[in-house]
Amino acid sequence: MDQSVAIQETLAEGENCIIAVDCVSLLDDVRESRLMGLVEQNKEHALFMYSHRRMAITGDDVTLDEIIPISYDFSVVEVSSPDELAVVGADTRVRVTFFEEELELRLPFGSHTRLFLSEVTKAWSDVCEQHPKEEPKFDWLTKYRKVSKGARSLRKSLPSIVSSRMSQIKRSEGPHTTDNSGLHKDNEQNRGDSGNESQERVREEVRDDLIRSSQPIQSNKAQMLGMPQFGLRDNLIRCELLKNEDSYTHVQNYSFFLGTYNVNGQNPKESLSPWLGFTPNPPDFYLVGFQELDLSKEAFLFNDTPKEPEWMLAVYQGLHPDAKYALVKLVRLVGIMLLFYVKAEHAAHISEVEVESVGTGVMGRMGNKGAVAIHFRFHNSDICVVNSHLAAHTEDYERRNQDFKDICRRMQFGQDPTLPPITIMKHNVVLWLGDLNYRISDLEADHVKDLIAKKDFESLYNHDQLKRQMDEEAVFVGFIEGEIDFQPTYKYDTGSDHWDTSEKCRVPAWCDRILWRGNNIKQLHYQSHMTLKTSDHKPVSALLEIGIKVVNEESYKRKFEEIVRHIDRLENDCIPSVSLSQREFHFKDVKFMQHQAETVSVHNDGQVPCQFEFIPKLDEPAYCKPWLTANPAKGFLAQGASVDIDLEVFVNSSMAPGLNSGQQQLEDILVLHLERGKDYFISITGSYLPSCFGSSLSTLCLLREPIQDMPPDTIREMIMKSNNQMSDPEADKPQEIPKEIWMMVDHLFRYAKKQEDLFQQPGLRSEFEEIRDCLDTGSLDTLPGSSHSVAEALLLFLDALPEPVIPFSFYQQCLDCSSDSSQCRQIISMLPQCHKNVFNYLMAFLQELLKHSAHNRLDVNILASIFSGLLLRSPTKQDITKKRKVKEFFLHFLVQSPSDRGIHDKLPE
């Protein structure tokens, strides 16, 4: 969560918190958790230090302790010991200096810390460029003197001490960016102990208890293939080394324990040793995944949960007792969490650790379903571990298939911006675990239980949806799952081994699964653990023996030198050259949110390898228009090699209005640039089918016919009339509300008032496309697809409106009066007629849904959270405070007043 929002609430007007980071203050062996923000006012910067609650959400959660102005007399240097620098994922220890004052801090490992330090570096560099011409005055900090309360506060330096005194600190001691953390190494001034620290700091309250003691972990980033990035030559050497990898590596086996457990929002109530520590020998690696860690609304909205450290501690206590393990990484998305532990003696060979997450919930963004993943390099093998929670319900196997494909497409790793990102399938080894939610179908519950009692798992497995989908190559192509000889792991009565006795009486299923992809992998066991009764699921584990490519340093050195000599000769021979399979592409009938792709093959027909990249045209910010992507956009081609580049077109809500109005066209020219070679030009054109998605409410109210039945000139004329409000009241009498909104709401009103999880469970993309086509062409009288798909289509329609239901010009007024119900209703009465009609119509519909909350499980908070940001959008980025005011505004309308009419009274004439 972005905690800079909490700091922003404490600042005066004109002061801006650019970025914030959690840190630990180290003073006289006392460690105190702090929130540090970089604050800017009129090009002057200062660090604000706050004490705070476990997670700072609002200004009430933080208390200002001290302020450190960033002047010429400011410096920040890294003081991590050599042992700390060698720890994979270790905290960054820095010393902040201002005149004679010093403050030592620990910042958490990760890209956010690097970004924070780079912003501090930039602020300090700006001061240095101006010094001594213009020294910052910091007059704006005077008002904070009485607020700041820290015992060793630097506030005495504000602001007069800045005025004329020259610092003894040299410019060279400022925060230079010479390493991955963005800081200059201060090896001569290392302070503090160099004891054995853990690799990852997740929660300050529990970190000392969570991690077993381990030897310092050496990173191999500077060894083997981790060569300096210096462009084409470097990539050429990498390519040749990879081609000849067998000549300097050998395969060595290591044991990987994989575990998955859907804990159903419960707290840990029993030891996890029967699951994690039952193997005779301690595994080399632990990859432990959880789902539904926290089912509360707070976890869903703010992605923060107190259950994270509780389950971390339970995992730590359940690890095999005969080995020492260190936590390398943790990643969590709402309730999906993945923990990565490793034996201390192996950690020296782990590098390039990176995490990513993908939400696949409603509108493809919500994090209640999706995946988290860890990418890392062990010796010379790239490994990716994915923990996913896919869509629920027996009938929704197609949605699960779609979730899998979305995760594979959107999950990308790549800390190095000079190289193309790495997708899941590009790794040597892929380990996939989680609650995949595939069910047993076509059998009654009693028949399933009878087969389980007979231990006839083979017959049962033939009805498993995942097996059927893998047999049809619909999902997990190339993956392997071990033989299932244990009973289904879902669904049990919590606290027992009894099958579900609730009203729904769920059919047992193997929801919790572990699969793998890659060579030299052997499964040693695959089983469930029935003794654990915390959840309605049973945990599952697999022990894999994986062959890892290990480098022989002498052989590697000889091959490296041989390649370098060969490249030296090649570089002088000729200029790189490629041939393209096609130079012109036309995308026909492009539709809103429908992916289209064409492929251009690039063949290296020159005498030397080459590096290619799509580059921006003159005075353009990106290499292509927003609706177009080239994948990969950069890369490397060996001599005689080819690569297929996918040219993908996708029109989303931000691009649709311009294309609907004809102000923008699907036209672009891509420039493919060769390093040390010439440029190649690829022409892209397309025809866009206008859609009600991305059209304004006023335009749609003027359109009597489906939008695709009308000539483009007529649509443009209607758009101009609606924009200029020049329509003839008699000839162009508008409808009260757009017919498209009426069709979607009427469908939901008729068929989905009692639908469980409405607006919270995503629909199928294929069904959305049918709904969109139906609205745009008028081909059907009733909408196709499930209620969830229609509900998601309605949300996407509102999200795509160029001007929201409550126009941008009313946004600030709505926020200002959000606490006053009568003023809120007064603003609605002032809206343009079609906007007012749509707002009242939607509110009446939502009130109707609330009457059936016992069935659909909706309440005013859920509906306000979902709809408020769509109907009252901010013209700029919203902070937490504004989001809460927007939600407060809508709550006034979801509670029905005596004057509100029923939904039938608000139907259009």
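Procedures and definitions
Residues numbered from 1 in each chain as written. Predicted model: local features only at pLDDT ≥ 70, side-chain atom pairs only at ≥ 80, totals over all residues. Heavy atoms only, no water. Helix = DSSP H or I, 4+ residues; strand = E, 2+ residues; numbered from the N terminus. Buried < 20%, exposed > 50% of the residue type's maximum accessible area, 1.4 Å probe, protein only. Pairing = 2+ DSSP bridges. Axes fitted to C-alpha atoms, helices over the stretch in contact; angles between N-to-C directions. Contact = heavy atoms within 4.5 Å. Arc of directions from axis to C-beta.

Explain unusual backbone geometry to me, and be specific about the residues and the numbers.
Looking along the chain, the bond that leaves Tyr 490 and enters Lys 491 is cis, with omega of 5 degrees. For the bond running from Asn 631 to Pro 632, omega is 5 degrees, close enough to zero to count as cis. Within the secondary structure, Pro 632 sits in the loop between β25 (628–631) and β26 (634–637). Of note in the backbone geometry, Glu 292 takes a positive phi value of approximately 50 degrees without being a glycine. The backbone of Val 334 sits at a positive phi, close to 55 degrees, despite the residue not being glycine. Position of Val 334 among the secondary structure elements: in the loop between β10 (325–333) and β11 (336–343).

So what about the pairing of strand β13 (residues 370–378)? Which residues, and what values?
Extensive coverage of β13 is indicated by the burial of nine of its nine residues. In β13, alternate side chains face the same way, and those of Gly 370, Val 372, Ile 374, Phe 376 and Phe 378 on one face and Ala 371, Ala 373, His 375 and Arg 377 on the other are all buried. Bridging between β13 and strand β14 (residues 381–389) involves nine bridges; their strand directions are antiparallel. When the sheet's bridge partners are listed, Ala 371 is paired in β14 with Ser 388.

So what's going on with the sheet that holds β11? Which residues, and what values?
Strand order in this open sheet of six strands is β10-β11-β9-β8-β20-β19, and the pairing throughout is mixed. Bordering the open sheet on either side are β10 and β19 (521–528), each of which pairs with just one other strand. Adjacent strand axes in the sheet meet at a mean angle of 20 degrees, parallel and antiparallel pairs treated alike. Judged from the twelve bridges that link them, strand β8 (residues 249–262) and strand β20 (residues 540–551) form a sheet pairing that is antiparallel. Paired with Val 251 across the bridge in β20 is Lys 549. Relative to the sheet, helix α8 (residues 307–318) contacts β8, β9 (285–291), β10 and β11, its axis offset from that of β11 by approximately 35 degrees.

Tell me about helix α10 (residues 445–453), and please be specific about residues and values.
When α10 is considered as a whole, its buried residues turn out to be Ala 445, Val 448, Leu 451 and Ile 452. The arc that holds the buried residues of α10, viewed along the axis, is 125 degrees, so those residues lie on one side. Turned more than 90 degrees from where α10 packs its buried face, Asp 446 and Ala 453 sit exposed. For α10, the elements touching its buried residues are α11 (457–461). Of the residues one or two after α10, Lys 455 is the one with positive phi, at around 55 degrees.

Can you explain the environment of Phe 476? Please cite residues and give values.
Along the chain, Phe 476 falls in the loop between α12 (465–471) and β18 (512–517). Note on Phe 476: relative accessible area 2%, which makes it buried. Residues Phe 476 and Arg 517 lie 41 residues apart in sequence; the distance between their C-alpha atoms is 8.9 Å. Ignoring sequence-local partners within four residues, the contact set of Phe 476 consists of Phe 404, Trp 432, Leu 436, Leu 466, Met 470 and Leu 515.

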